[in-house]
Amino acid sequence: MQIPTSDSLFRKSMLFSAWSGYVAVILFIIGGVLLGGMIPPLLNANDSPAEFALKVSDNLFRIRVGAVFLMFSFGLFAPFGGGIAAQTRRCENLAGLSYTQMMFAACGTLIALLVGFTWALMAFRPVEYHPTTVQMFADFAYFLALFSVPVFAGWCATIAMPILMAEEGSEPFPRWVAYGNLWAGVLYIPGMLILFFKDGPFSWHGIVGLWIPFTAFFLWILLMAYAMQQVAKETD
């Protein structure tokens, strides 16, 4: 299939999608790292309900402001994912995996927004809530983010597949992008171990259960944002 090489509107759309990814990472660093206490985790999976409520109450304003930044960050996953699917669709004769990508992007965006909603609810009235409710909101947020492996790994797989299956010269993205996506999908898998551990490296506050999937995910966003930027340059 002959891919158009000059399209001003498409180039601008791809740049917007790419920068949506970059800005999403920046907003997450502000909201989830510097303010919200999501990573490094302010809370631990083995904390008692009373400790959950106390930690949230002591950091209430920071968590609330952080949750606002998280919502804006996660909302940008929609144009980010749309740009990836749009580039894949350009390289298809008939719509196929691009539509599957869009479904995974929509599911991933919804899950991410629910993480932000849950984080905000946790900090809405921690004194009035029973401590176990505060604990449940924290559990729910981390399970949404880390246990949803089939959605996010599936998204990566459907980005990699059309690249690897395309004829040489008609790939939507370079082949190294496919390998990066496959590795990202594999690195998300340890997140499912959080179901079995409340302490140690495999819990939702541990290096394997939390840090590896989160790091892989945000590096993946930067990788795909860069790839879309390069596509935009080629269509200039």
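Coordinates for the structure precede this section.
Parameters at a glance
- Residues numbered from 1 in each chain as written.
- Predicted model: local features only at pLDDT ≥ 70, side-chain atom pairs only at ≥ 80, totals over all residues.
- Heavy atoms only, no water.
- 1 Å grid on protein atoms, 1.4 Å probe; cavity = no way out; pocket = protein on both sides within 12 Å on 5 of 7 lines; lining within 4 Å.
- Points joined across faces, edges and corners; volume = space filled by probe spheres on them.
- Helix = DSSP H or I, 4+ residues; strand = E, 2+ residues; numbered from the N terminus.
- Nonpolar A, V, L, I, M, F, W, Y, C, P; charged D, E, K, R; others polar.
- Patch = residues over 30% accessible without salt bridge, like charges linked within 9 Å, V, L, I, M, F, W, Y side chains within 5 Å.
- Areas by Shrake-Rupley, 256 points an atom, 1.4 Å probe, with all protein chains shown as cover.
- Salt bridge = Lys/Arg side-chain N within 4 Å of Asp/Glu carboxyl O.
- Buried < 20%, exposed > 50% of the residue type's maximum accessible area, 1.4 Å probe, protein only.
- Axes fitted to C-alpha atoms, helices over the stretch in contact; angles between N-to-C directions.
- Parallel < 35°, antiparallel > 145°, perpendicular 65-115°, else oblique.
- Left-handed = near helix turned anticlockwise from the far one by under 90°.
- Contact = heavy atoms within 4.5 Å.
- Core = buried A, V, L, I, M, F, W, Y, C linked by side-chain atoms within 4.5 Å.

Undergrad: Give a description of empty space enclosed by the protein that names residues and reports values.
TA: Enumeration according to the criterion identifies one cavity of 30 Å³ or more in this entry. Its boundaries defined by the atoms lining it, the largest cavity holds a volume of some 220 Å³. Together, 16 residues line the largest cavity, and A145, L146, F152, F214 and F217 are the ones closest to its centre. Counting only elements with at least two residues in the lining of the largest cavity, the list comes to helix 5 (97-122), helix 6 (131-146), helix 7 (149-165) and helix 9 (207-234). In terms of residue class, the lining of the largest cavity is made up of 15 nonpolar, one polar and no charged.

Undergrad: Let's hear about a nonpolar patch on the surface: which residues, and what values?
TA: Together, W183, V186, L187, I189, I207, W211 and I212 line one region of the surface with nonpolar side chains, adding up to about 670 Å² of accessible area. When contributions to the nonpolar patch are tallied by element, the ones reaching two or more residues are helix 8 (175-188) and helix 9. As for its position among the elements, I189 is in the loop between helix 8 and helix 9. Of the residues examined, I189 reaches a relative accessible area of 47% and is grouped as partly exposed.

Undergrad: Which residues make up the packing of helix 4 (residues 77-90) against helix 7, and what values go with them?
TA: Running from N to C, helix 4 and helix 7 cross one another at 25°; their axes reach a closest spacing of 10 Å. Here helix 4 lies roughly parallel to helix 7, going by the angle between them. The hand of the helix 4/helix 7 crossing is left-handed. On the side of helix 4, the interface is formed by F77, F80, G81, I84 and T88, while helix 7 contributes W155, I159 and P162. Residue composition of the contact of helix 4 with helix 7, grouped by class: six nonpolar, two polar and no charged.

Undergrad: Give me the lowdown on the nonpolar core, citing residues and values where you can.
TA: Grouped together as the largest cluster of nonpolar side chains are 63 residues, with contacts concentrated most on F80, W119, M122, F173, Y188 and W220. Once you skip the residues sitting within four places of it in the chain, W119 turns out to touch G36, G37, M38, L43, I63, L70, A138, A141 and Y142.

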